[in-house]
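If you want the building blocks of each chain, they are given just below.
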Amino acid sequence: MIVSYLKYIAILIILVFIQKTFIWLLSVSEYNISPDIVIIFIIYVGLKNGQIEGALYGFFGGLLIDILSGSFLGLSTLCYTIAGFTAGYFFRPDDEKFLYKFNFLYVVFPCTLLSNFIYYLIYLQGLQLGFFDMMFKFILTSTVYTTIISLIFIIIPKRTGKEKLA
């Protein structure tokens with residue numbers, strides 16, 4: 001049990017490092033829209049282990065990103081915690097195949113949309129930017145890009161020898 005916790009924490013730390021150092025290579029447009037690989041992992045943990053673990057890993061990952069970014073401490077923590085907790089609503093202990101089908105995308109999209117909505121609503125507060133501009137320039141573009149990147153969980157088969165179920 002402790003080994004799986006330590007494995008998830010190590011993966012989370014590596015993903016936060018990649019998110020803060022190399023993800024700019026994948027950013028698109030003048031608004032620096034980039035995929036959020038950390039939230040994909042947090043949603044995966046929430047789907048695999050439930051609401052509490054999803055929220056805890058979301059809190060830990062968001063706190064690491066907030067500390068490393070140095071701006072608006074607690075905002076990513078809040079958004080990732082909510083995304084992990086929300087993903088836990090779709091937890092199915094009896095159906096692990098759920099994680100490796102296109103159903104995973106049906107969970108990633110709304111959880112990421114909720115997280116990005118809260119994040120940008122607070123982060124862009126005070127700017128002369130309309131609601132629809134914020135929705136289409138930041139929230140939806142980031143959400144769709146993150147959902148497309150999350151296809152990697154479906155395309156790459158598990159190493160345990162199971163065949164792809166997508």
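What you see is a predicted model, and the numbers here were worked out from it, not measured in a lab. (Residues numbered from 1 in each chain as written. Predicted model: local features only at pLDDT ≥ 70, side-chain atom pairs only at ≥ 80, totals over all residues. Heavy atoms only, no water.)

*Asks:* What's the story with the overall build of the chain in this structure? I'm lost.
*Replies:* Along the chain, the regular secondary structure elements total seven helices and zero strands. In the chain, the order of α-helices and β-strands from amino to carboxyl end is α-α-α-α-α-α-α. Against the compact-globule benchmark of 15 Å for 166 residues, the chain has a radius of gyration of 16 Å, which places it among compact chains. Overall, the chain is about 50 × 30 × 30 Å in size when its C-alpha atoms are taken along their principal axes. Every one of the 166 residues in the chain was classed for burial, and the buried ones make up 39%. As presented, the chain carries roughly 9,600 Å² of accessible surface, and 69% of it is formed by carbon and sulfur atoms. Looking at charge distribution, the chain has the averaged site of its 11 positive side-chain charges lying 8 Å from that of its 9 negative ones. (Helix = DSSP H or I, 4+ residues; strand = E, 2+ residues; numbered from the N terminus. Rg over C-alpha atoms; globule rule 2.2 N^0.38 Å. Buried < 20%, exposed > 50% of the residue type's maximum accessible area, 1.4 Å probe, protein only. Areas by Shrake-Rupley, 256 points an atom, 1.4 Å probe, with all protein chains shown as cover. Lys, Arg positive; Asp, Glu negative; His and termini not counted. Charge placed at Lys NZ, Arg CZ, Asp CG, Glu CD.)

*Asks:* What's the story with a nonpolar patch on the surface in this structure? I'm lost.
*Replies:* On the surface, a cluster of nonpolar side chains totalling about 580 Å² of accessible area is made up of F17, F22, W24, L25 and L26. With respect to the helices and strands, W24 occurs in the loop between α1 (2-21) and α2 (37-49). (Patch = residues over 30% accessible without salt bridge, like charges linked within 9 Å, V, L, I, M, F, W, Y side chains within 5 Å. Salt bridge = Lys/Arg side-chain N within 4 Å of Asp/Glu carboxyl O.)

*Asks:* Can you help me understand the nonpolar core in this one?
*Replies:* A general feature of soluble globular proteins is that nonpolar side chains tend to end up buried together. V38, F41, I43 and F104 are the most contacted members of the largest nonpolar core, which has 24 residues in total. Those elements that provide at least two residues to this core are α1, α2, α3 (51-69), α4 (75-88) and α5 (103-123). Considering every element that reaches this core, the biggest residue donor is α2, with 10 residues. Residue contacts for V38: discarding those within four places in its chain leaves L12, L15, V16, Q19, I65 and Y80. (Core = buried A, V, L, I, M, F, W, Y, C linked by side-chain atoms within 4.5 Å. Contact = heavy atoms within 4.5 Å.)

*Asks:* What is the right way to read the layout of surface pockets from this model?
*Replies:* Here the idea is plain: a probe the size of a water molecule rolls over the atoms and shows the empty space left. By volume, the largest pocket amounts to about 740 Å³. Around the largest pocket, the lining is made up of 30 residues, and of these Q19, K20, S34, Y119 and Y120 lie nearest the centre. Elements supplying a minimum of two residues to the lining of the largest pocket: α1, α3, α4, α5 and α6 (131-149). Per element, the largest residue contribution to the lining of the largest pocket is five residues, and it comes from α5. Class assignment for the residues of the lining of the largest pocket results in 15 nonpolar, 12 polar and three charged. (1 Å grid on protein atoms, 1.4 Å probe; cavity = no way out; pocket = protein on both sides within 12 Å on 5 of 7 lines; lining within 4 Å. Points joined across faces, edges and corners; volume = space filled by probe spheres on them. Nonpolar A, V, L, I, M, F, W, Y, C, P; charged D, E, K, R; others polar.)

*Asks:* For this particular structure, what's the right way to read α5?
*Replies:* Along an α-helix, residues three or four apart share an orientation, since each turn contains 3.6 residues. In this model α5 runs 30 Å from its N-terminal to its C-terminal C-alpha over 21 residues, within 8% of the 30 Å that 1.5 Å per residue would give. The secondary structure elements touched by the buried residues of α5 are α2, α4, α6 and α7 (152-155). (Expected span 1.5 Å × (residues − 1).)

*Asks:* Is there a simple way to think about the packing of aromatic side chains in this case?
*Replies:* Each aromatic ring pair is characterised by the separation of its centres together with the angle its planes make. Evaluated as defined, the whole model comprises 10 aromatic pairs. Judged by centre distance (5.4 Å) and plane angle (15°), the ring pair of Y119 and Y123 falls under stacked. With Y119 and Y123 both in helix α5 and four residues apart, this pair spans about one turn of that helix. These aromatic residues form a ring-pair network of at least three members: Y8, F41, Y44 and Y57. (Phe/Tyr/Trp six-rings, centres within 6.5 Å; stacked < 30°, edge-to-face > 60°.)

*Asks:* Looking at this structure, how should I read the environment of L56?
*Replies:* Note that L56 resides in helix α3. What makes L56 exposed here is its relative accessible area of 54%. The spacing of L56 and I139 is 83 residues in sequence and 24 Å in space, taken between C-alpha atoms.

*Asks:* Is there a simple way to explain the confidence of the model for the chain in this structure?
*Replies:* A low pLDDT score tells you not to read the predicted coordinates there in detail. The predicted model of the chain averages 87 in pLDDT, with 91% of residues at 70 or higher. The spread of mean pLDDT over the elements of the chain runs between α7, the lowest at 78, and α4, the highest at 96. Contacts for the low-pLDDT stretch residues 162-166, under 50 throughout, to residues beyond four places or in other chains number 10 contacts. (pLDDT = per-residue confidence, 0-100.)

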